[in-house]
Amino acid sequence: MMMNFSGKVAIVTGGTSGIGQAAAIAYAQQGAKVVIAGRRSIEGEETVKTIKDAGKEAFFIQTDVTQESDVKAMVDKTVEVFGRLDIAFNNAGAYGESPSLSEQLDSEYDRIMNVNVRGVWLSMKHEIAQMQSQGNGAIVNTSSILGVVAMPSIPLYTASKYAVEGLTKAAALQYAKSGIRINAVGPGAIATEMFETATGGQDEAKADMAGIHPMGRVGQPSEVANAVLWLSSDDASFTTGETLMVDGGYIAQ
Ligand code: NAP
């Protein structure tokens, strides 16, 4: 894939592993300067090293997206170091299952909603402020197939991704005339740490998950990253408020 992100600056939240890490590396490969945000500094610095070893520019900033002061510092540091902010991939996410909704803990609600909804909202809030001052920008939020259909064992996660859909669409409309495009990506099951958690690392559960996708397999982080890069590129100049599914046909069923 060839896209020109030369001179562009991109933030990736949840860039310490999985889909975010793949996107951060892909942005850098296409010429962007990349800011990797997440809580785990060892993993974050490893991603930075991968990018720098390839002769590209990046830095890590320890960020908890549920904390507004961290999110503000993430954007401020980006502008301080790289001078601007063109692209944001708001990808940090938390997963949680609850076979019995009636027994689910209050703390689980807070954990999932705070990362998946509050984190995306806070990220957009501070990113958009900077992008408005520049007159342009592109944001991609990570939704899910569970942002458009429900799965019975995962109600709060499903609700959080429906909220990401709503935030993405409303923000896209609010800023449609400001030169800021806001879209989402909707992955199916993707082979990451979250997928390991969801399947308990069990081969049978992984095969079951693969089997519910029409392509008969799960996706790779790089396959999601490719879609994210397109949505954040000038090639997607008339696309806003959209969710691009990367799901092996799951939602088409
Ligand atoms: P992952 O490897 O577990 O990545 C999750 C990322 O979120 C990590 O980098 C983690 O970084 C970050 N994160 C979690 N809480 C955070 C917080 N409070 N502040 C900052 N960063 C936080 O799993 P993944 O599959 O790549 O997940 C990425 C996104 O894809 C998530 O939004 C997830 O919901 C979505 N998704 C995944 C799948 C799938 O099957 N894998 C399917 C649909 C959607 P730290 O731990 O370093 O903070």
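Note: the structure precedes this text.
The numbering scheme is per chain: residues are counted from 1 as the chain's sequence reads. It should be noted that, the model being predicted, local features are given only for residues of pLDDT at least 70 and side-chain atom pairs only at 80 or more, the latter also being counted only at that level, while totals for whole chains, interfaces and linings use all residues. Only hydrogens and water are set aside; all other atoms, that is, all heavy atoms of the structure, feed into the side-chain values.

Colleague: So what about the packing of aromatic side chains? Which residues, and what values?
Modeller: To pair, rings of Phe, Tyr and Trp, with the six-membered ring standing in for Trp, must have centres within 6.5 Å; the planes then decide the type, stacked if under 30 degrees apart, edge-to-face if over 60, and tilted in the middle. Throughout the structure, instances matching the rule amount to three aromatic pairs. Ring geometry for F5 versus Y27: centroids 5.6 Å apart, planes at 85 degrees, classification edge-to-face. Here the residue F5 occupies a position in the segment before β1 (9–13), and Y27 occupies one in helix α1 (residues 18–29), the gap between them amounting to 22 residues. With 5.4 Å between their ring centres and 45 degrees between their planes, F59 and F82 make a pair best called tilted. Residue F59 is located in strand β3 (residues 58–62), and its partner F82 is located in helix α3 (residues 68–82); the two are separated by 23 residues in the primary sequence. Classification of F59 by relative accessible area gives buried; the value is 14%. Every helix listed is a DSSP run of H or I at least four residues long, and every strand listed is a run of E at least two residues long, numbered separately from the N terminus. Summary of the burial criterion: residues with accessible area below 20% of their type's maximum are buried, those above 50% are exposed, and those between are partly exposed, where the area comes from a 1.4 Å probe applied to protein chains only.

Colleague: Run through the pairing of β1, naming residues and quoting values.
Modeller: Counting buried residues along β1, five of its five residues qualify, which places the element largely inside the surrounding structure. Burial of β1 is two-sided: the residues V9, I11 and T13 facing one way and the residues A10 and V12 facing the other way are all buried. The pairing criterion is simple: DSSP has to find at least two bridges between the two strands. Here β1 runs beside strand β2 (residues 33–38); their pairing, made up of five bridges, is parallel. From the neighbouring strand, V12 faces β2, where its bridge partner is I36. Read from β1 through α1 to β2, the crossover connection turns out right-handed. Pairing between β1 and strand β4 (residues 87–90): four bridges, direction parallel. The residue bridging T13 from the neighbouring strand is N90, located in β4. The crossover handedness rule: strands pointing away from the viewer, path from first strand over the helix to second strand clockwise, crossover right-handed.

Colleague: Could you give an account of the packing of helix α4 (residues 106–134) against helix α5 (residues 155–174), naming the residues involved and the relevant values?
Modeller: Only the stretch in contact is used when fitting a helix axis, every axis being a line fitted to C-alpha atoms; angles between N-to-C directions are given from 0 to 180 degrees. For the pair α4 and α5, the least separation of the axes is 9 Å and the interaxial angle reads 15 degrees. Of the possible angle classes, the one that applies to α4 and α5 is roughly parallel. Of the two possible hands of crossing, α4 and α5 adopt the one that is right-handed. Between α4 and α5, the residues in contact are E108, Y109, I112, M113, N116, V117, V120, W121 and M124 and L156, Y157, A159, S160, K161, A163, V164, L167 and A171, respectively. Counted by class, the contact of α4 with α5 contains 14 nonpolar, two polar and two charged residues. An angle below 35 degrees is treated as roughly parallel, one above 145 as roughly antiparallel, one from 65 to 115 as roughly perpendicular, and anything else as oblique. It is the rotation of the near helix from the far one that decides the hand of a crossing: anticlockwise by less than a right angle makes it left-handed, clockwise makes it right-handed. Should any heavy atoms of two residues lie within 4.5 Å, those residues are considered in contact. Polar here means any residue other than Ala, Val, Leu, Ile, Met, Phe, Trp, Tyr, Cys and Pro, which are nonpolar, and Asp, Glu, Lys and Arg, which are charged; Gly is therefore polar.

Colleague: Hey, could you go over empty space enclosed by the protein for me, with residue numbers and the actual values?
Modeller: For cavity detection a 1 Å grid was placed over the protein atoms alone, and a set of points counts as a cavity when a 1.4 Å probe fits there but cannot get out; an open set counts as a pocket when protein lies on both sides within 12 Å along at least five of seven lines, with lining residues being those that have an atom within 4 Å of a point. Grid points are joined across faces, edges and corners, and a volume is the space filled by probe spheres set on the points. Following the criterion strictly, the structure yields one cavity of 30 Å³ or more and no others. Here the largest cavity defines a volume of roughly 30 Å³. Lining of the largest cavity is provided by T13, V65, N90, N91, A92, V115, G119, V120 and S123. Top contributing element to the lining of the largest cavity by residue count: α4, with four residues. Grouping the amino acids of the lining of the largest cavity by side-chain chemistry returns four nonpolar, five polar and no charged.

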